[in-house]
Amino acid sequence: MDSALVIGGTRFIGRHLVEELLEHEYDVTIFTRGNHDNPFESDDRVSHIEGDRTNDSALEAAATTVDPDAVFDCVAYHPKDVQAATRIFDDREAYVYVSSGAAYGREEVPKREDETPLEACTTEQAIDDSSDTYGNRKAAGDRAVFAAAEKGRNAMSVRPCIVYGPHDYTERLDWWIDRVNRFDRVLVPGDGTNIWHRAYVVDVASALRIVAERGEAGEAYNVGDRRLTTLEELVEVIAAQLETDVEIVHAGPHELAAGGIDLEDYLLYRSYPHVLSTAKLADLGWESTPLEEAMERAVDAHLESDRDGSEHGPDREAEERVLGILETL
Ligand SMILES: NC(=O)c1ccc[n+]([C@@H]2O[C@H](COP(=O)([O-])OP(=O)(O)OC[C@H]3O[C@@H](n4cnc5c(N)ncnc54)[C@H](OP(=O)(O)O)[C@@H]3O)[C@@H](O)[C@H]2O)c1
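Residues numbered from 1 in each chain as written. Predicted model: local features only at pLDDT ≥ 70, side-chain atom pairs only at ≥ 80, totals over all residues.

- As annotated in an unreviewed UniProt entry, the protein chain carries the name Nucleoside-diphosphate-sugar epimerase and is attributed to Natronorubrum thiooxidans.
- The Sequence similarities (unreviewed entry) comment attached to the protein chain in UniProt states, word for word, "Belongs to the NAD(P)-dependent epimerase/dehydratase family." (UniProt positions renumbered as here; feature names shortened; annotations may be inferred.)

Below you can see the structure in the form of structure tokens.
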């Protein structure tokens, strides 16, 4: 396997995947609409095809122009996208769909690929565009992968949990890094013990390559950091990377209400733990970057960027009101 087509590839996960493939000496073609700048524009190892993946004939044209061994699908948000791609690339050595941990339909710890049921997806949900149906649509994409494998196609799925690292446009981790970097006291929602499994983007990229090379058709593979942390531990790991000390202040729902904040307003807060088993992926030889190393790179990337997550999480003024009230108690 030495050539790859990456559907997507200029933004976050796909961008790291292209780097991973280049490191492993693949010839890479990316397929995007050209709305985002192409960071590989001046790299002659990466070709670019312009097109919209929701247009089947554009993908069909790419299939004949490029003739890739492996296809990585980073921008399939509807089951019809996966159905089309598995049909168009039916004779490839590997088709890997980037699914999501959100595809799981039952809360249990950990969520396992071959045990935990997936979300259902109605015909209305399958064509919806709202974030409410994201998990339903990703689960239906997984089922499209399984159906393609039944027909003899080498289709596989990778399910990342929350992805973080350089170029993370969601700014979920940036919000926390910014808090630790700028303030002495950091509010942590609840008792700080909640867990939302995260995946370092470089490890997601290696998982995608390894699954293409060694995965089995019709199988799904979770990917997430080997070492999980609670939200409070995350703050401590960030503080260690920034070589700073912060006072962690817990606030429950009633205390947060003083600032008009809900627990769920906090980025990376989830009341029920979300943990993915990564044993199946590890059996393929995949390894997770040590947490401190991953976090060091995430913190460095944050400091070099202008991302602070401020549009996504509670604002500091509201938090100060909560901190003020807690001080009087
Ligand atoms: N981030 C997370 O925490 C997380 C967690 C679990 C799963 N996922 C999954 O990861 C995938 C997203 O990864 P990413 O955003 O990091 O991917 P990416 O490949 O780095 O970025 C998306 C790229 O795809 C291109 N694109 C978007 N719509 C397109 C279209 N209709 N046709 C062709 N190209 C298109 C965009 O370029 P143009 O705009 O120029 O077309 C953009 O550069 C999704 O499948 C998501 O469900 C993400």
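Past the structure itself, the notes keep going.
**Focus on the overall build of the protein chain**
Move 1: Within the protein chain, the regular secondary structure consists of twelve helices and eleven strands.
Move 2: Principal-axis analysis of the C-alpha atoms gives the protein chain an extent of 70 × 45 × 35 Å.
Move 3: Counting across all 329 residues of the protein chain, residues that qualify as buried make up 46%.
Move 4: The long-range share in the protein chain, meaning contacts at least 24 apart out of those at least 6 apart in sequence, stands at 77%. (Helix = DSSP H or I, 4+ residues; strand = E, 2+ residues; numbered from the N terminus. Buried ≥ 20, exposed ≤ 12 C-beta atoms within 10 Å, placed from the backbone. Contact = placed C-beta atoms within 7 Å.)

**Looking at the site of the ligand**
Move 1: Taken together, 26 residues lie near the ligand, and Gly8, Arg11, Phe12, Gly14 and Arg33 sit nearest.
Move 2: Of all the secondary-structure elements, those providing two or more residues to the shell around the ligand are helix H1 (13–23), strand S2 (27–32) and strand S7 (162–164).
Move 3: Among the elements that take part in the shell around the ligand, H1 stands out by supplying three residues, more than any other. (Near = placed C-beta within 6 Å.)

**Here we look at the packing of H1 against helix H7 (residues 201–214)**
Move 1: Where H1 contacts H7, the axes come no closer than 8 Å and their chain directions differ by 60°. Regarding the angle of H1 to H7, the classification is oblique. Relative to H7, H1 is oriented so that their crossing is right-handed. Residue-level contacts link Ile13, His16, Leu17, Glu19, Glu20 and Leu21 of H1 to Val201, Val202, Val204, Ala205, Ser206, Leu208 and Arg209 of H7.
Move 2: Looking at the contact of H1 with H7, its residues break down into eight nonpolar, two polar and three charged. (Axes fitted to C-alpha atoms, helices over the stretch in contact; angles between N-to-C directions. Parallel < 35°, antiparallel > 145°, perpendicular 65-115°, else oblique. Left-handed = near helix turned anticlockwise from the far one by under 90°. Nonpolar A, V, L, I, M, F, W, Y, C, P; charged D, E, K, R; others polar.)

**Overview of helix H3 (residues 79–88)**
Move 1: All of the buried residues along H3 are Pro79, Asp81, Val82, Ala84, Ala85 and Thr86.
Move 2: On its buried face, H3 sits against helix H2 (56–66), strand S4 (70–73), strand S5 (94–98), helix H4 (123–126), helix H5 (134–150) and strand S6 (155–160).

**Some thoughts on the nonpolar core**
Move 1: With 89 residues, the main nonpolar core has Val6, Phe72, Val96, Ala207 and Leu208 as its most contacted residues.
Move 2: Broken down by element, the residue count for this core peaks at nine residues, all from H7.
Move 3: Counting only domains with at least three residues in this core, you end up with domain 1 (3–164 + 197–223) and domain 2 (172–195 + 227–271 + 291–328).
Move 4: Not counting residues up to four positions away in its chain, the partners in contact with Val6 are Gly14, Leu17, Val18, Val28, Ile30, Phe31, Phe72 and Cys74. (Core = buried A, V, L, I, M, F, W, Y, C linked by C-beta atoms within 7 Å. Domains from an automatic or database assignment.)

**Topic: the pairing of strand S1 (residues 3–7)**
Move 1: In terms of burial, S1 is largely enclosed, as four of its five residues are buried.
Move 2: Where S1 and S2 come together, five bridges link them in parallel fashion. Within the sheet, the bridge partner assigned to Leu5 lies in S2 and is Thr29.
Move 3: For the handedness criterion, the β-α-β arrangement of S1, H1 and S2 is classed as right-handed.
Move 4: Direction of pairing for S1 relative to S4: parallel, over a ladder of four bridges. Within the sheet, the bridge partner assigned to Ala4 lies in S4 and is Ala70. (Pairing = 2+ DSSP bridges. Right-handed = clockwise from strand over helix to strand, strands pointing away.)

**Topic: the environment of Leu323**
Move 1: Assignment of secondary structure puts Leu323 in helix H12 (residues 316–328).
Move 2: Residue Leu323 is classed as buried on the basis of its C-beta count, with 20 C-beta atoms lying within 10 Å.
Move 3: For the pair Leu323 and Val186, spaced 137 residues apart in sequence, the C-alpha to C-alpha distance is 9.2 Å.

**A few points about the UniProt feature "domain: NAD-dependent epimerase/dehydratase" (unreviewed entry) in the protein chain**
Move 1: On the UniProt side, "domain: NAD-dependent epimerase/dehydratase" (unreviewed entry) is annotated at positions that read residues 4–82 and 92–224 here.
Move 2: Annotation note: span residues 4–82, helix share 33%, strand share 24%, distance between end C-alpha atoms 17 Å.
Move 3: Measuring from the first to the last C-alpha atom of residues 92–224 gives 27 Å, for a span that is 35% helix and 20% strand.

**As for the domain arrangement of the protein chain**
Move 1: Here the domain parsing of the protein chain yields domain 1 (3–164 + 197–223) and domain 2 (172–195 + 227–271 + 291–328).
Move 2: One C-alpha centre belongs to domain 1, the other to domain 2, and the line joining them spans 31 Å.
Move 3: Listed as interface residues are four residues of domain 1 and, on the opposing side, seven residues of domain 2.
Move 4: A breakdown of the residues in the side of domain 1 that touches domain 2 according to their chemical character gives three nonpolar, one polar and no charged.

**So, unusual backbone geometry**
Move 1: That bond from Val109 to Pro110 is cis: its omega, -5°, falls within 30 degrees of zero.
Move 2: Looking at the element boundaries, Pro110 is found in the loop between S5 and H4.
Move 3: With a phi angle near 60°, Glu171 is a residue other than glycine that sits in the positive phi range.
Move 4: With respect to the element layout, Glu171 can be found in the loop between S7 and helix H6 (172–182).
Move 5: Residue classification places Glu171 among the buried residues on the basis of 21 C-beta atoms within 10 Å.
Move 6: For Leu268, which is not glycine, the phi torsion reads 70° and is therefore positive.
Move 7: With respect to the element layout, Leu268 can be found in the loop between helix H9 (253–257) and helix H10 (279–282).
Move 8: Since 19 C-beta atoms lie within 10 Å of it, Leu268 is described here as partly exposed.

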